[in-house]
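Chain residues, written in single-letter form:
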Amino acid sequence: MKTTEITTIVYEYNSVDELNAQDRNLIEKARQATKSSYAPYSGFQVGAAVLLANGEIICGSNQENAAFPSGLCAERVSVFAANAGFPDVPVIAVAVASFSGNEFTPMPVPPCGSCRQVMLETQERFKYPIRIILSGKDRIWIVEGIDKLLPLSFTSDCMKKS
Ligand code: THU
């Protein structure tokens with residue numbers, strides 16, 4: 001028997017003032033994007049901002065539906081929009097912010113499993129690590145590469161015959 005330990009490094013900051021200008025700008029865009037959220041059922045407004053290698057920033061927000069599973073998270077709305085609008089341009093960073101009960105959430109909100117899987121596909125597609133920037137009012141978490149948030153993941157490589 002062999003034991004393998006998988007570790008994830010998360011860079012934690014207490015204030016946006018500790019971040020570089022690009023990350024600060026992306027968080028600001030994600031915060032603004034929460035305003036376009038359609039979340040009448042959960043009241044949980046999530047915004048995401050996707051930075052592309054050409055400098056474009058594509059924003060999105062969660063879009064809910066009375067038939068619950070038909071809605072979509074902010075991360076997938078924005079990443080799919082970025083991929084559809086710029087199919088040849090790598091995604092290099094995704095920032096996320098969440099607004100609930102009249103304020104931005106104090107702690108960062110990590111992406112759900114489906115969003116992790118979708119972002120991993122985009123990372124594999126462009127062969128470029130996606131910087132994940134999760135922002136809360138009191139804390140910011142940064143992870144270098146979506147694969148770090150989805151260890152032992154299922155990718156196209158898994159279907160290759162050896
Ligand atoms: N949601 C997101 O948009 N992103 C996440 O990472 C977690 C959850 C949305 C889905 C739903 O509209 C609401 O938040 C509550 O789950």
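Scroll up a little and you will see the structure.
A brief report on the enclosed structure follows. None of these values were measured; they are calculated from a predicted model.

This part is about the overall build of the protein. Each helix and strand counted, the protein has three helices and seven strands in total. Ordered by position from the N terminus, the helices and strands of the protein form the series β-α-β-β-α-β-β-α-β-β. For 162 residues, the compact-globule formula gives about 15 Å, and the C-alpha radius of gyration of the protein, at 16 Å, lands near that figure. Reported as C-alpha extents along the three principal axes, the dimensions of the protein are approximately 50 × 40 × 35 Å. Burial analysis of the protein (162 residues in total) assigns 38% to the buried set. Within the protein, contacts between residues separated by at least 24 positions form 67% of all contacts whose residues are at least 6 apart in sequence. Accessible surface for the protein amounts to roughly 9,000 Å². Of this, 54% is attributable to carbon and sulfur atoms. For the protein, the distance from the average site of its 15 positive side-chain charges to the average site of its 17 negative ones is 3 Å.

With that settled, the discussion passes to unusual backbone geometry. Only a minority of non-glycine residues have a phi that is not negative, and only a minority of peptide bonds are not trans. A positive phi angle, close to 55°, is found at Lys-127, a residue other than glycine. With respect to the secondary-structure elements, Lys-127 resides in the loop between helix H3 (113-126) and strand E6 (131-135). Look at Lys-127 and you get exposed, because its relative accessible area is 68%. For Leu-152, which is not a glycine, the phi torsion comes out positive at approximately 50°. Positionally, Leu-152 belongs in the segment after strand E7 (140-144). With relative accessibility at 78%, the residue Leu-152 sits in the exposed group.

Once that is clear, we can look at the nonpolar core. Counting residues in each nonpolar core, the largest one holds 23 residues, and the members touching the most others are Val-50, Leu-52, Val-94, Met-119 and Ile-132. Taken together, the elements giving at least two residues each to this core come down to strand E2 (45-52), helix H2 (74-85), strand E4 (91-100), H3 and E6. Discounting chain neighbours no more than four positions away, the residues touching Val-94 are Ala-49, Val-50, Val-79, Met-119, Ile-130, Arg-131, Ile-132 and Ile-133. In terms of nonpolar packing, the next biggest core, distinct from the first, is built from 12 residues, Leu-19, Ile-27, Ala-95 and Ile-142 among them.

Time to look at the pairing of E7. In terms of strand pairing, strand E1 (residues 11-13) meets E7 through three bridges, oriented antiparallel. The residue of E7 that forms the bridge with Glu-12 is Trp-141. Inspection of the sheet shows E6 paired to E7 by five bridges, in the antiparallel sense. For Ser-135, the partnering residue across the bridge sits in E7 and is Ile-140.

So, on to H2. Compared with the 16 Å implied by 1.5 Å per residue over 12 residues, the 16 Å span of H2 between its first and last C-alpha is a close match. The set of residues buried in H2 consists of Ala-74, Glu-75, Arg-76, Ser-78, Val-79, Ala-82 and Asn-83. Contacts from the buried residues of H2 go to E2, strand E3 (57-61), E4 and H3.

What counts as what
Residues numbered from 1 in each chain as written. Predicted model: local features only at pLDDT ≥ 70, side-chain atom pairs only at ≥ 80, totals over all residues. Heavy atoms only, no water. Helix = DSSP H or I, 4+ residues; strand = E, 2+ residues; numbered from the N terminus. Rg over C-alpha atoms; globule rule 2.2 N^0.38 Å. Buried < 20%, exposed > 50% of the residue type's maximum accessible area, 1.4 Å probe, protein only. Contact = heavy atoms within 4.5 Å. Areas by Shrake-Rupley, 256 points an atom, 1.4 Å probe, with all protein chains shown as cover. Lys, Arg positive; Asp, Glu negative; His and termini not counted. Charge placed at Lys NZ, Arg CZ, Asp CG, Glu CD. Core = buried A, V, L, I, M, F, W, Y, C linked by side-chain atoms within 4.5 Å. Pairing = 2+ DSSP bridges. Expected span 1.5 Å × (residues − 1).

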